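Report on the structure
As a plain string of letters, each chain reads:
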Amino acid sequence: MSLNKEEKLQLFKNYNIYGLTAEKFSNGRSNIEVVKAMLDGGIRIIQYREKYKSLNEKYEECLQIRKLTKQYSALLIVNDHVDLCQMVGADGVHLGQEDYPVKEVRKILGEDFIIGVTTHTKEQVEKAVEDGADYIGLGPVFQSFTKDKPHPPIGLEMVSWAATYCKIPFVVIGGIKEHNLKDVLEAGAKCVSLVTEIVGSDDISQKIKRLWDIIKEFERS
């Protein structure tokens, strides 16, 4: 099944889980194994984020992950690498604050690709929207240790602000765990990313099931 861009972006607007790779925290499992488990668990947005491998290794892994995401009608977003996004036929790219400008990346990728931008402040959110980003990553909400130089936590108040004022979909990330997921949802988040909570779990499928249960219960309330 092939989705158009608006249908793809709807995944970010719904209550959803946004999966990320993080092999360093995956308890010896490969990114391929973890992505397969996430897809089996019903996650339909996967971001390939890998800081510690060669470009060729990233390319080979992304090719395998792209095959998997197509089998599950899921999205593949590539972190940072615009060229890698193109080469493997991903659905989009995710840019950090120190990466290429959104407007220049759009000229390269065109309108059919999804562009996401990491943001930490209201000003960065507003600029990402103005520059034409399709969605933003907002965080870290809580203290996070997946990055070498983590940004200070932005807090739940920032999530509530984005839920009210952000004009494009946003994914909330950073220190989100099973025990505080409901707090993030109550603050106004819909699409959430729990990195180490998922990839570092002893049983990924059971962890994802419990996360979905929390989300579905919140939707019904």
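Description of the structure in this document. (Residues numbered from 1 in each chain as written. Predicted model: local features only at pLDDT ≥ 70, side-chain atom pairs only at ≥ 80, totals over all residues. Heavy atoms only, no water.)

1. A few points about the layout of surface pockets
Which entries qualify depends on this criterion: Site definitions follow a grid-based scheme: protein atoms alone, a 1 Å grid, a 1.4 Å probe that fits but cannot get out for cavities, and for pockets an open set with protein on both sides within 12 Å along at least five of seven lines, plus lining residues having an atom within 4 Å of a point. Grid points are joined across faces, edges and corners, and a volume is the space filled by probe spheres set on the points. Under the DSSP-based scheme used, a helix requires at least four consecutive residues in state H or I and a strand at least two consecutive residues in state E, with every element numbered from the N terminus.
Put simply, the largest pocket is a space of about 1100 Å³. Taken together, 47 residues form the lining of the largest pocket, with Arg49, Lys51, Thr118, Thr146 and Lys147 sitting closest to its centre. Secondary structure elements with two or more residues in the lining of the largest pocket: strand 1 (16-20), strand 4 (92-95), strand 6 (135-138), strand 7 (170-173) and helix 9 (195-199). Broken down by element, the lining of the largest pocket gets its largest block of residues, three residues, from strand 6. There is about 170 Å³ of room inside the second largest pocket. For the second largest pocket, the full set of lining residues is Leu95, Gly96, Gln97, Asp99, Tyr100, Pro101, Val102, Val117, Gln124, Lys127, Ala128 and Asp131. A per-element tally of the lining of the second largest pocket places helix 6 (residues 122-131) first, with four residues.

2. Re the pattern of salt bridges
Here is the rule: Every case where a carboxyl oxygen of Asp or Glu lies within 4 Å of a side-chain nitrogen of Lys or Arg is listed as a salt bridge.
Under the criterion given, the structure shown has 16 salt bridges. With a closest N to O distance of 3.0 Å, Lys51 and Asp80 form a salt bridge. Pair noted here: Lys51 is in the loop between strand 2 (45-48) and helix 3 (55-71) and Asp80 is in the loop between strand 3 (75-79) and helix 4 (82-88), with a separation of 29 residues, a long-range link. Counted as one network, the salt bridges with shared partners bring together Glu178, Glu197, Lys207 and Arg210.

3. Considering the sheet that holds strand 5 (residues 114-119)
Quick note on the threshold: In short, DSSP must find at least two bridges between two strands for them to pair. All axes are obtained by fitting lines to C-alpha atoms, using only the stretch in contact for helices, and the reported angles, taken between N-to-C directions, cover 0 to 180 degrees.
Pairing within the closed barrel is parallel, and its eight strands lie in the order 1-2-3-4-5-6-7-8. Strand-to-strand, the axes of this sheet are offset by a mean angle of 25 degrees, without reference to chain direction. Relative to strand 8 (residues 191-193), strand 7 is paired through three bridges, and the arrangement is parallel. Bridge pairing in strand 8 links Ile173 to Ser193.

4. Remarks on the nonpolar core
Put simply, the rule is: To define a nonpolar core, start from buried Ala, Val, Leu, Ile, Met, Phe, Trp, Tyr and Cys residues and group those joined through side-chain atoms within 4.5 Å. Burial status follows relative accessibility: with a 1.4 Å probe on protein chains alone, a residue under 20% of its type maximum counts as buried, one over 50% as exposed, and anything between as partly exposed. Contacts are residue-level and defined by heavy atoms, with any inter-residue pair within 4.5 Å sufficient.
In terms of nonpolar packing, the biggest core is built from 74 residues, with Phe12, Tyr18 and Ile198 touching the most fellow members. A total of seven residues in this core trace back to one element, the largest contributor, which is helix 10 (residues 204-220). Sequence-distant contacts of Phe12, defined by excluding residues within four places in its chain, comprise Tyr18, Ile45, Leu75, Ile114, Tyr135, Pro169, Val171 and Cys191.

5. Focus: helix 10
Note the following rule: In this scheme, a helix's expected span is set at 1.5 Å multiplied by one less than its residue total. By construction, the arc corresponds to the directions joining the helix axis to the C-beta atoms.
Here helix 10 is 17 residues long and its end C-alpha atoms lie 24 Å apart, about the 24 Å a rise of 1.5 Å per residue gives. Within helix 10, burial applies to Ile204, Lys207, Ile208, Leu211, Trp212, Ile214, Ile215 and Phe218. Taken down its axis, helix 10 places every buried residue within 155 degrees of arc, on the same side. When the buried face of helix 10 is taken as reference, the exposed residues oriented beyond 90 degrees from it are Glu217 and Arg220. The secondary structure elements touched by the buried residues of helix 10 are strand 1, helix 2 (31-40), helix 8 (181-186), strand 8 and helix 9.

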